[in-house]
Amino acid sequence: MTMWLEEMFHVQKPIIAMLHLSALPGDPGFDSRAGLSAVIDRARAELDDLQEGGVDGIMVSNEFSLPYLTKTEPITAITMARIMGELLSSIHVPYGVNVLWDGRASIDLAVATGAQYVREIFTGVYASDFGLWNTNIGEVARHRARVGGSDVKLLFNIVPESAKYLGERDLESITQTTVFATLPDAICVSGLTAGAPTDTQSLTIVKSAAGNVPVFVNTGVGAHNVAEQLSVADGAIVGTYLKADGVFENRVDRSRVEELSSQVREFRKTLA
């Protein structure tokens with residue numbers, strides 16, 4: 001299954017950069033005076049910085065829709081589709097979407113915009129900062145088939161941010177049963193929050209237990225540790241590090257994107 005990564009991204013160990021959208025209509029933080037045009041303008045500028053900086057893929061998410069919902073309101077995915085429509089002609093790398101934290105909405109948005117992958121919490125039951133968080137991958141998988149999204153790759157985050165798995169199960173067994181019973185296209189391993197380091201030991205456990213399913217390190221990757229993390233993982237999803245000063249709320253800093261991309265290119269030379 002790791003073959004689909006190289007077929008899609010045409011490199012080993014791809015780096016997917018997060019394109020964090022500002023707060024959207026319906027979100028508490030939405031700037032109604034600046035309006036949606038300001039959200040689109042920022043997204044377009046950051047998309048340019050990410051692509052020109054050398055990343056291998058893009059993931060568009062409503063990262064600033066805080067506090068998150070586990071079942072989003074229709075306005076969120078509808079607005080994201082509008083934004084994606086504005087950006088599509090400028091996207092030149094493989095791209096995915098993530099409607100936080102709603103798997104069905106993420107798939108709907110992917111189908112509507114031609115996105116090739118989504119990342120979400122598709123399995124498990126959690127005690128989270130957003131309340132009791134339940135999932136139903138069987139329903140989501142069938143929904144994907146019904147709406148014509150069978151080719152959309154599903155990236156399962158099995159160590160979700162701001163949440164703890166209910167029940168006494170270790171990470172190895174969670175990974176093994178996730179792979180066997182729920183058919184992920186890839187698995188993502190995260191730290192505590194966006195930008196927080198991902199524990200290398202946890203990453204190693206998941207990689208060992210995942211068999212031939214690709215494993216992404218999902219948070220905390222930067223130029224300082226990308227070689228170490230990619231020595232275990234099959235790819236990385238990076239957001240916060242690419243912002244000015246590595247601060248979550250800031251805009252993308254092209255120089256940091258270029259720095260990370262340079263480190264990744266050097267690491268890939270060791271794989272030849």
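Before reading on, note that the structure itself is shown above.
Residues numbered from 1 in each chain as written. Predicted model: local features only at pLDDT ≥ 70, side-chain atom pairs only at ≥ 80, totals over all residues. Heavy atoms only, no water.

Draft legend 1. Examining the sheet that holds strand S5 (residues 126-128) more closely. Strand order across the open sheet formed by three strands is S6-S5-S8, with antiparallel pairing between neighbours. Of all strands in the sheet, those bounded by a partner on one side alone are strand S6 (131-133) and strand S8 (163-165). Averaged over all pairs of adjacent strands, the angle between strand axes in this sheet comes to 25°, irrespective of strand direction. Relative to S8, S5 runs antiparallel, the two sharing three bridges. Considered in S8, the bridge of Ala 127 is made with Lys 164. (Pairing = 2+ DSSP bridges. Helix = DSSP H or I, 4+ residues; strand = E, 2+ residues; numbered from the N terminus. Axes fitted to C-alpha atoms, helices over the stretch in contact; angles between N-to-C directions.)

Draft legend 2. How the structure looks around the sheet that holds strand S4 (residues 117-120). Within the closed barrel, the eight strands sit side by side as S1-S2-S3-S4-S7-S9-S10-S11. Their pairing is parallel. Going from strand to strand, the sheet's axes swing by 25° on average, the running direction of each strand aside. Bridge analysis of strand S7 (residues 153-157) against strand S9 (residues 186-189) gives three bridges, and the strand direction is parallel. For Phe 156, the partnering residue across the bridge sits in S9 and is Ile 187. Packing against the sheet, helix H4 (residues 103-113) makes contact with strand S3 (95-98), S4 and S7, and its axis sits at approximately 145° to S3. (Contact = heavy atoms within 4.5 Å.)

Draft legend 3. The arrangement of the layout of surface pockets in detail. When its volume is computed, the largest pocket comes out at roughly 340 Å³. Forming the walls of the largest pocket are 19 residues, and the residues nearest its centre are Val 159, Ala 163, Lys 164, Tyr 165 and Ile 174. Ranked by residues supplied to the lining of the largest pocket, first place goes to S8 with three residues. Class assignment for the residues of the lining of the largest pocket results in 10 nonpolar, four polar and five charged. (1 Å grid on protein atoms, 1.4 Å probe; cavity = no way out; pocket = protein on both sides within 12 Å on 5 of 7 lines; lining within 4 Å. Points joined across faces, edges and corners; volume = space filled by probe spheres on them. Nonpolar A, V, L, I, M, F, W, Y, C, P; charged D, E, K, R; others polar.)

Draft legend 4. Looking closely at the packing of aromatic side chains. Taken as a whole, this structure holds nine aromatic pairs when the rule is applied. Taking the centre distance of 6.1 Å and the plane angle of 85° together, the rings of Tyr 68 and Trp 101 count as edge-to-face. With Tyr 68 in the loop between strand S2 (57-61) and helix H3 (74-87) and Trp 101 in the loop between S3 and H4, this pair connects stretches of sequence that are 33 residues apart. Between Phe 122 and Phe 156, the aromatic rings sit 5.0 Å apart at their centres with planes inclined by 45°, giving tilted as the arrangement. Within this pair, whereas Phe 122 is found in the loop between S4 and S5, its partner Phe 156 is found in strand S7, the two being separated by 34 residues in sequence. When sorted by exposure, Phe 122 lands in the same class as Phe 156, which is buried. Through a chain of ring-to-ring contacts, the aromatic side chains of Tyr 68, Trp 101, Tyr 126, Phe 130, Trp 133 and Tyr 165 assemble into a single cluster. Above the ring of Phe 248, the side-chain terminus of Lys 243 is found at 5.2 Å from the ring centroid. Above the plane of the ring of Tyr 241 lies Arg 256, whose end atom (NZ or CZ) is 4.2 Å from the centre. (Phe/Tyr/Trp six-rings, centres within 6.5 Å; stacked < 30°, edge-to-face > 60°. Buried < 20%, exposed > 50% of the residue type's maximum accessible area, 1.4 Å probe, protein only. Lys NZ or Arg CZ within 6 Å of the ring centre and 35° of its normal.)

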